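# Working through the structure, step by step
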Amino acid sequence: MNKKALALGVASVLTYSVPVMPVKAASNAYTSVSDNNQVRTAGLISNCCLSVSSGRKTLYITGEIEAVGNMKSIGYKNISIEYSSDGVNWKEEKSIDDLLKSDSSSYYLNNYAVSVNGGFYYRVSLTHYAKESGWFGSSQSVDNTSNSVWID
């Protein structure tokens, strides 16, 4: 049998044999990925959470992502700073480059400062991300949205 066809067949079977369940962030922006509430994509992320606090025209991001072991890449992707005048209708003010770490099992953000225009409610939306090493290394993503804060 052709080696390429065999490899493609094995990859297809593995891709479609992993159960998937969508995840909606909790109101406190803490997403537990424990045995009781397992996110079913690759099983790499064991815990993640996200919150924001306010400063003078500054949004402070606190985040956490933990994996089941060392990952080729772990961190935060698709980071969007959003604002709202009413706390209901949100628009993007800016996006931030991905924050990724290599060869680690966790990545913590502690009051990561982002300058904002102010005069609105602010929140952050992002994707917690982990990718295993190797040619056929799996990856897992968990979308999350933080609490909101008013910034003058």
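Residues numbered from 1 in each chain as written. Predicted model: local features only at pLDDT ≥ 70, side-chain atom pairs only at ≥ 80, totals over all residues. Heavy atoms only, no water.

This next bit is on the pattern of salt bridges. Between side chains of opposite charge, a pair can form when the charged atoms approach closely. For the structure on display, the rule yields one salt bridge. With its nearest N and O atoms 2.6 Å apart, the salt bridge here joins Glu-82 to Arg-123. Of the two residues, Glu-82 is situated in strand E3 (residues 58-84) and Arg-123 in strand E6 (residues 120-131); the sequence distance between them amounts to 41 residues. We classify Glu-82 as buried; its relative accessible area is 13%. (Salt bridge = Lys/Arg side-chain N within 4 Å of Asp/Glu carboxyl O. Helix = DSSP H or I, 4+ residues; strand = E, 2+ residues; numbered from the N terminus. Buried < 20%, exposed > 50% of the residue type's maximum accessible area, 1.4 Å probe, protein only.)

Here we take up the state of the cysteines. This structure, assessed with the given rule, holds zero disulfides. Between Cys-48, a cysteine without a disulfide, and Cys-49, which holds the nearest cysteine sulfur, the sulfur-to-sulfur distance is 7.4 Å. (Disulfide = S-S within 2.5 Å.)

Moving on, we get to the nonpolar core. Counting 27 residues, the largest nonpolar core has Leu-59, Ile-61, Tyr-76 and Ile-81 as the members making the most contacts within it. Put simply, the parts of the chain that give this core at least two residues each are strand E2 (45-55), E3, strand E5 (99-115), E6 and strand E8 (149-151). Of the residues forming this core, the biggest block, nine residues, is contributed by E3. Setting aside residues up to four positions removed in sequence, Tyr-76 forms contacts with Gly-63, Glu-64, Ile-65, Asp-98, Leu-99, Leu-100, Tyr-107, Tyr-108, Leu-109, Leu-126, Thr-127 and His-128. (Core = buried A, V, L, I, M, F, W, Y, C linked by side-chain atoms within 4.5 Å. Contact = heavy atoms within 4.5 Å.)

Before going further, it helps to spend a moment on the packing of aromatic side chains. Applying the stated rule across the entire model yields three aromatic pairs. Between the NZ or CZ atom of Lys-77 and the centre of the ring of Tyr-129, over which it lies, the distance is 4.1 Å. The aromatic ring of Tyr-107 is capped on one face by Lys-101, whose charged end is 5.0 Å from the ring centroid. (Phe/Tyr/Trp six-rings, centres within 6.5 Å; stacked < 30°, edge-to-face > 60°. Lys NZ or Arg CZ within 6 Å of the ring centre and 35° of its normal.)

Relative to E3, E2 runs antiparallel, the two being bridged by 10 bridges. The partner of Gly-55 across the bridge, within E3, is Thr-58. Between E2 and E3, which pair antiparallel one after the other, the connecting turn spans two residues, and Lys-57 there sits at a positive phi close to 50°. (Pairing = 2+ DSSP bridges.)

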